[in-house]
Amino acid sequence: MMDYSINKQFITQREHVETQFPYHWLPSIKDRRTQRVHAKTPLPFLVLTSSAAKSMMIRDVSKLILPPLGVNHNDNEWMGRIISPVDYKYRRWEEFMGFLMIYYAWAYPFEIAFLKAPSLSGLQIAGTIVDLFFVMDIVCTFFVAYNDKTTGLLVNDSRKIALRYLSTWFVLDLVSTLPYEALGYLITGKTKMALPYYLLRALRFWHLGKVKQLFKRLEKDTRFSYFFVRCAGLLFVTLLSVHSAGCLYYLLADGYPHQGKTWIGSAISNFREENLWSRYISAIYWSITTMTTVGYGDLHAVNTRERVFGIFYMLYNLFLSVYLIGNMTVLVVEGARRTMEFRSNIQAASDFIARNHLAPDLKEKILTYMCLRFKAEALTQNQLIEQMPKSIRESICQTLYLPTVEKVYLFKGVSKKMLLLLVADMKTLYIPPGEDVILQNEPTQYVYIVVSGELMIINCDNDEENIVGKLTNGDIFGEVGGLCCKPQGFTFRTKTLSQILKLKTSDLTKAMETRPEDNTLILQNFGHV
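Conventions we followed
- Residues numbered from 1 in each chain as written.
- Predicted model: local features only at pLDDT ≥ 70, side-chain atom pairs only at ≥ 80, totals over all residues.
- Heavy atoms only, no water.
- UniProt positions renumbered as here; feature names shortened; annotations may be inferred.
- 1 Å grid on protein atoms, 1.4 Å probe; cavity = no way out; pocket = protein on both sides within 12 Å on 5 of 7 lines; lining within 4 Å.
- Points joined across faces, edges and corners; volume = space filled by probe spheres on them.
- Helix = DSSP H or I, 4+ residues; strand = E, 2+ residues; numbered from the N terminus.
- Nonpolar A, V, L, I, M, F, W, Y, C, P; charged D, E, K, R; others polar.
- Phe/Tyr/Trp six-rings, centres within 6.5 Å; stacked < 30°, edge-to-face > 60°.
- Patch = residues over 30% accessible without salt bridge, like charges linked within 9 Å, V, L, I, M, F, W, Y side chains within 5 Å.
- Areas by Shrake-Rupley, 256 points an atom, 1.4 Å probe, with all protein chains shown as cover.
- Salt bridge = Lys/Arg side-chain N within 4 Å of Asp/Glu carboxyl O.
- Buried < 20%, exposed > 50% of the residue type's maximum accessible area, 1.4 Å probe, protein only.
- Pairing = 2+ DSSP bridges.
- Contact = heavy atoms within 4.5 Å.

Under an unreviewed UniProt entry, the chain has the name Potassium channel and belongs to Aquilegia coerulea. Looking at the chain in UniProt, the text filed under Subunit (unreviewed entry) is "The potassium channel is composed of a homo- or heterotetrameric complex of pore-forming subunits." Regarding the chain, the relevant UniProt record gives this comment under Subcellular location (unreviewed entry): "Membrane".

Next comes the structure, spelled out in structure tokens:
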């Protein structure tokens, strides 16, 4: 029979407390947990009710705007038709405008360079539709709240929003959106536009910031690969540069008075009579050969305008190349960083083993442990659980560990509240085959529960090891030394790769203090073994 004296003081203290304060007057475990959470929460406005927490989704987190510390600010107080900048529907609108800007960035240079005919083409009709959406965006901006950089709070006063927009970007948006072709035709009766009007329409390119924000959101979206989204963004920058430079270079040749003294006229006589796509491909061909510094020489600058443009384009390509190479290097290095760290650690361990002439079996154990740790760290499971708030951490542990803990003989008949207290403090270990978890005659501060794998119970007597049993899923070990404060009577060694739950004996005894009826059951279960 085991000695019950280690827990008599716990039971006596608990009976004394319950005598003076009946149990139904004591706050429940759930109530005390809720009090602790609210007591430790520095920003009360972020505490959600249970019904709100259940309906909270990942996309809803983006709607939470953190005000400065100590500032009482309610995000739900919106005036009339004011739109929150983090509203889900408004973000979808911003993404839609980003895609329209991608189309405009391709269509506008192509239109001014190659579409000189007064006839109404499909590209021009599409451009008109895009203009209408940009007009709608201008109107919408008058109702979108903004973040005051001085106070860090959202301003939802309609008058302040309108004044801010009128004093900042409104003029630029309006000038870049006006239908100059239609206005010019109504005033002069001509459809051909002068260069200043084209430059005014080009001001819309400042909206490329919407495209940047679009790619940033896609990079954060776990449904898409970060590597491929990042590569798509770099490819967009490259293609936009090639396309814009090719169109502008052709525009210089098309507007030059001497057709034969241009980069394309010297290679193709009467190039204006050529097919549209033949001229476009020639422009893109020159742009790519210049960007990649190939420069075959078949298409080259002839007049001064073209040489000046080529100089600035080549200088721009220097910075673009640095930008592209730097980003690709970061992507590749980041992807291989952990692998390089692992190789360095393995090499360092191998050097240590060779320098100190360690035995081959010890070498195998060291390298096996390092490989297993590398795999476990890649999962980042324990780190992820530790980052969670206590309530979420308890729910995760309940889902993962409770089915296994319920199988343990020590906890047969124990209340679910007691089990939840225990699993909330458990940690997961992955141990390779052949590792000693507990050595014979070694004091231990932990209790272990087997989740998967198999362990051997070994009795070491006179330098001989005898296997006296095995442990599998749902078995517990270390409880004798933990509850009786006695050295372990056996060595516990893994036979296969094992996943084990680890619980501090201090956490176990603390939980037993709070639940005297469960304490009695645990001791009875322990005594019957």
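Back to the text.
Summed over all chains, the structure comprises one cavity of 30 Å³ or more. Approximately 30 Å³ is the volume found for the largest cavity. At the level of secondary structure, the elements contributing two or more residues to the lining of the largest cavity comprise α6 (122-141) and α8 (170-177). Tallied by class, residues from the lining of the largest cavity come to two nonpolar, three polar and three charged.

Take the packing of aromatic side chains next. Going through the model one piece at a time under the given rule, you end up with 32 aromatic pairs. Ring plane angle 35° and centroid distance 6.4 Å describe the contact between Trp263 and Trp286, whose orientation is recorded as tilted. Separated by 23 residues along the polypeptide, Trp263 in the loop between α12 (226-254) and α13 (276-291) and Trp286 in helix α13 bring together distant segments of the chain. For the ring pair Trp286 and Phe309, a centre distance of 6.3 Å and an interplane angle of 35° mean the geometry is tilted. Of the two residues, Trp286 sits in helix α13 while Phe309 sits in helix α14 (residues 304-356), which places them 23 residues apart along the sequence.

Under the UniProt annotation, the feature "transmembrane region" (unreviewed entry) is placed at residues 96-115, 122-146, 227-252 and 311-333. Helix makes up 100% of residues 311-333 and strand 0%, whereas the separation of the span's terminal C-alpha atoms amounts to 33 Å.

What follows is about a nonpolar patch on the surface. There is a patch of nonpolar side chains on the surface, built from Val308, Ile311, Phe312, Met314, Leu315, Leu318 and Phe319 and spanning about 760 Å² of accessible area. Residue Leu318 is classed as exposed on the basis of its relative accessible area of 54%.

Counting across every chain of the model gives eleven salt bridges. Residue Glu465 is joined to Arg493 by a salt bridge in which the shortest nitrogen-to-oxygen separation is 3.1 Å. Of this pair, Glu465 sits in strand β7 (residues 464-471) while Arg493 sits in strand β9 (residues 491-494), and the two are 28 residues apart along the sequence. Overall, the relative accessible area of 45% leaves Glu465 in the partly exposed class.

Turning our eyes to something else, we now look at the layout of surface pockets. When its volume is computed, the largest pocket comes out at roughly 1800 Å³. The wall of the largest pocket is formed by 40 residues, among which Pro85, Arg91, Glu94, Gln213 and Arg217 lie closest to the centre. If you list the elements that add at least two residues to the lining of the largest pocket, you get α4 (58-61), α5 (88-114), α6, β1 (146-147), α7 (158-167) and α11 (208-220). Residue composition of the lining of the largest pocket, grouped by class: 16 nonpolar, eight polar and 16 charged.

Right, let's get into the pairing of β9. Here β9 shows no split at all, with Thr491 and Arg493 on one side and Phe492 and Thr494 on the other all buried. Note that strand β4 (residues 436-438) and β9 share two bridges and pair antiparallel. Counterpart to Ile438 in the pairing with β9 is Phe492.

Along the chain, Gln445 turns up in the loop between β4 and β5 (446-452). Judged by its relative accessible area of 60%, Gln445 falls in the exposed class. Expressed as a C-alpha distance, the spacing of Gln445 and Leu483, which sit 38 residues apart in the sequence, is 9.7 Å. In contact with Gln445, other than residues within four places in its own chain, are Leu503, Lys504 and Thr505.

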